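# Structural overview
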Amino acid sequence: MKRIAVAIGTSVLLLGAGFAVAKDRSFKGEIMDSECAKEGSHDAMMKKAGLTDKGACVKACVKMGGKYVLYQAATKTIYELDDQTKPEEFAGKEVTVMGTLDKATKTIHVTSIK
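For the structure given in this document, a descriptive report is provided here.

What counts and how
- Residues numbered from 1 in each chain as written.
- Predicted model: local features only at pLDDT ≥ 70, side-chain atom pairs only at ≥ 80, totals over all residues.
- Heavy atoms only, no water.
- Salt bridge = Lys/Arg side-chain N within 4 Å of Asp/Glu carboxyl O.
- Helix = DSSP H or I, 4+ residues; strand = E, 2+ residues; numbered from the N terminus.
- Buried < 20%, exposed > 50% of the residue type's maximum accessible area, 1.4 Å probe, protein only.
- Pairing = 2+ DSSP bridges.
- Axes fitted to C-alpha atoms, helices over the stretch in contact; angles between N-to-C directions.
- Contact = heavy atoms within 4.5 Å.
- Disulfide = S-S within 2.5 Å.
- Lys, Arg positive; Asp, Glu negative; His and termini not counted.
- Polar contact = N/O pair within 3.5 Å; in protein donor to acceptor, adjacent residues only side chain to side chain.

## Focus: the pattern of salt bridges
Summed over all chains, the structure comprises 3 salt bridges. The salt bridge involving Lys54 is made with Glu30; its shortest N-O contact spans 3.8 Å. With Lys54 in helix H4 (residues 54-63) and Glu30 in strand S1 (residues 25-33), this pair connects stretches of sequence that are 24 residues apart. Exposure remark for Lys54: the relative accessible area of 36% places this residue in the partly exposed category. Note on Glu30: relative accessible area 8%, which makes it buried. Where Asp83 meets Lys86, a salt bridge forms, and the shortest distance between an N and an O atom there is 3.9 Å. Classification of Lys86 as partly exposed rests on a relative accessible area of 33%.

## Remarks on the sheet that holds strand S2 (residues 68-72)
Pairing within the closed barrel is mixed, and its 5 strands lie in the order S1-S2-S3-S5-S4. Ignoring which end each strand starts from, the neighbouring axes of this sheet average 55° apart. Here 6 bridges tie S1 to strand S4 (residues 94-102), and the two strands are oriented antiparallel to one another. Bridge pairing links Gly29 to Val95 in S4. H4 rests against S1 and S2 of the sheet, and its axis sits at about 80° to S1.

## Structural notes on the state of the cysteines
Within the structure shown, the criterion is met by 0 disulfides. Among the cysteines around Cys36, which has no disulfide bond, Cys57 carries the closest sulfur, lying 3.8 Å off. Under the relative-accessibility criterion, Cys36 is labelled buried at 3%. Looking at the unpaired Cys61, the closest cysteine sulfur is the one in Cys36, lying at 4.0 Å.

## Overview of the side chain of Asp33
Of note, Asp33 is situated in strand S1. For the buried Asp33, no salt bridge is present, and the opposite-charge side chain at shortest range is Lys38, 8.7 Å distant. Here Glu35 takes part through its backbone nitrogen, which lies 3.2 Å from a polar atom of the side chain of Asp33. Polar side-chain contacts of Asp33 include one of 2.8 Å to the backbone nitrogen of Cys36. Contact partners of Asp33, with chain neighbours within four places excluded, come to His42, Cys57, Val58, Cys61, Val62, Lys67 and Val69.

The quantities given are spatial measurements derived from coordinates; they are silent on function.
Shown next, in the form of structure tokens:
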């Protein structure tokens, strides 16, 4: 009887753990485009395209097929952003992104950007 109770208790705990809700956390960095983020800078693209503004560079690169990403310069980490609409107004700016991280794909499921 004790074995059955232990087995049921363990099953309930394991089942409950599978339904744990991921909590939002904050990620700080710059909203960049995926191409410039690989280089860690907008310099080459801005020079090539004759641009003087990082935001314009990001938007131009996204129009050419790049994706909005969050770039953390200190760690040289690039996070994909699942929402490709919200980041547009923050192109080239330092921000805090709230959301949950999918570690396998390094994608942030964006809740908000400030």
